[in-house]
Amino acid sequence: MTDAYSISDLSQEFHVTPRTIRFYEEKGLLFPSRKGSTRVFSAADRVKLKLILRGKKIGFSLDESRDIIEMYEPETANTRQLENLLLKIQGKRLLLEQRKKEINTMLKDLKKTESICLSALDGR
């Protein structure tokens, strides 16, 4: 693994557009250095991008991802970071389970209403 990555390297590796990476830079999540007008991303930026995209995939906001990334403390085995991450994961899971129940209830109600409409049309 190299210590320096271009925006093209990262966009190809993570299947995101360069614009997406620039957006994360604008939001203060990535801090590339510059060689002229070229952005040069470090190995740490690469890891942060990976974590941001992983967080996005499981429903974290950019602020939530930022909070977790900023807790990185390798000298403490990242205990605080991992505990916070675990709490956020559990909260997201509970929220999704509640939404799933609500969706299932709505689907049952839709099916019942659909049946009533079909019966009314058949009875005309």
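Model, not experiment: these values are computed from the prediction.

Q: Before we go on, may I ask you to explain the nonpolar core in this structure?
A: Soluble, globular proteins show a tendency: their nonpolar side chains are buried together. L10, I21, Y24, L30, F41 and L49 are the most contacted members of the largest nonpolar core, which has 14 residues in total. Of all the secondary-structure elements, those providing two or more residues to this core are α1 (7–14), α2 (18–26) and α3 (43–57). Those residues in contact with L10 that lie beyond four places of it in its chain are Y5, H15, I21, F41, R46 and L49.

Q: Mind showing me how you'd approach the pattern of salt bridges here?
A: Pairing is possible between side chains that carry opposite charge, provided their charged atoms lie close to one another. Overall, the coordinates contain 8 salt bridges when judged by the stated rule. For R66, the salt bridge goes to D63, with nearest N and O atoms at 3.7 Å. Residue R66 and its partner D63 are located together in helix α4 (residues 62–70), separated by 3 residues, close to a single helical turn. For R66, a relative accessible area of 19% translates into the label buried. The salt bridge involving E97 is made with R93; its shortest N-O contact spans 3.9 Å. With E97 and R93 both in helix α5 (residues 79–122), this residue pair falls 4 residues apart, about one helical turn.

Q: Explanation requested: the sheet that holds strand β3 (residues 38–42) in the structure shown.
A: Strand pairing in a sheet is mediated by backbone hydrogen bonds. Such pairs are either parallel or antiparallel. Spatial strand order, β1-β3-β2: 3 strands in an open sheet with antiparallel pairing. Here the strands that pair on one side only, and so sit at the sheet edges, are β1 (4–5) and β2 (33–35). Relative to β3, β2 is paired through 3 bridges, and the arrangement is antiparallel. Its bridge partner being in β3, R34 is matched across the sheet by R39.

Q: Hey, could you run me through a nonpolar patch on the surface in this one?
A: A contiguous nonpolar patch, built from I103, L107 and L110 and spanning about 310 Å² of accessible area, is present on the exposed surface. Note on placement: L107 falls in helix α5.

Q: How should I be thinking about unusual backbone geometry in this particular structure?
A: When glycine is set aside, most residues are seen to have a negative phi, and most peptide bonds are trans. The backbone of H15 shows a phi angle near 55°, a positive value even though the residue is not glycine. The topology assignment puts H15 in the loop between α1 and α2. A relative accessible area of 72% means that H15 is categorised as exposed. Its identity as a non-glycine residue notwithstanding, N78 has a phi of 60°, on the positive side. Position of N78 relative to the elements: it lies in the loop between α4 and α5.

Q: Would you mind going over the environment of Q81 with me for this structure?
A: Tracing the backbone through its elements, the reader meets Q81 in helix α5. Assessed through its relative accessible area of 10%, Q81 is described here as buried. Separated by 13 residues in sequence, Q81 and I68 place their C-alpha atoms 6.0 Å apart. Residues within four places of Q81 in sequence aside, it is in contact with I68, I69, M71 and Y72. At 2.9 Å, the side chain of Q81 forms a polar contact with the backbone oxygen of I68.

Scoring rules and cut-offs
Residues numbered from 1 in each chain as written. Predicted model: local features only at pLDDT ≥ 70, side-chain atom pairs only at ≥ 80, totals over all residues. Heavy atoms only, no water. Core = buried A, V, L, I, M, F, W, Y, C linked by side-chain atoms within 4.5 Å. Buried < 20%, exposed > 50% of the residue type's maximum accessible area, 1.4 Å probe, protein only. Helix = DSSP H or I, 4+ residues; strand = E, 2+ residues; numbered from the N terminus. Contact = heavy atoms within 4.5 Å. Salt bridge = Lys/Arg side-chain N within 4 Å of Asp/Glu carboxyl O. Pairing = 2+ DSSP bridges. Patch = residues over 30% accessible without salt bridge, like charges linked within 9 Å, V, L, I, M, F, W, Y side chains within 5 Å. Areas by Shrake-Rupley, 256 points an atom, 1.4 Å probe, with all protein chains shown as cover. Polar contact = N/O pair within 3.5 Å; in protein donor to acceptor, adjacent residues only side chain to side chain.

Distances and angles like these do not, on their own, reveal function.
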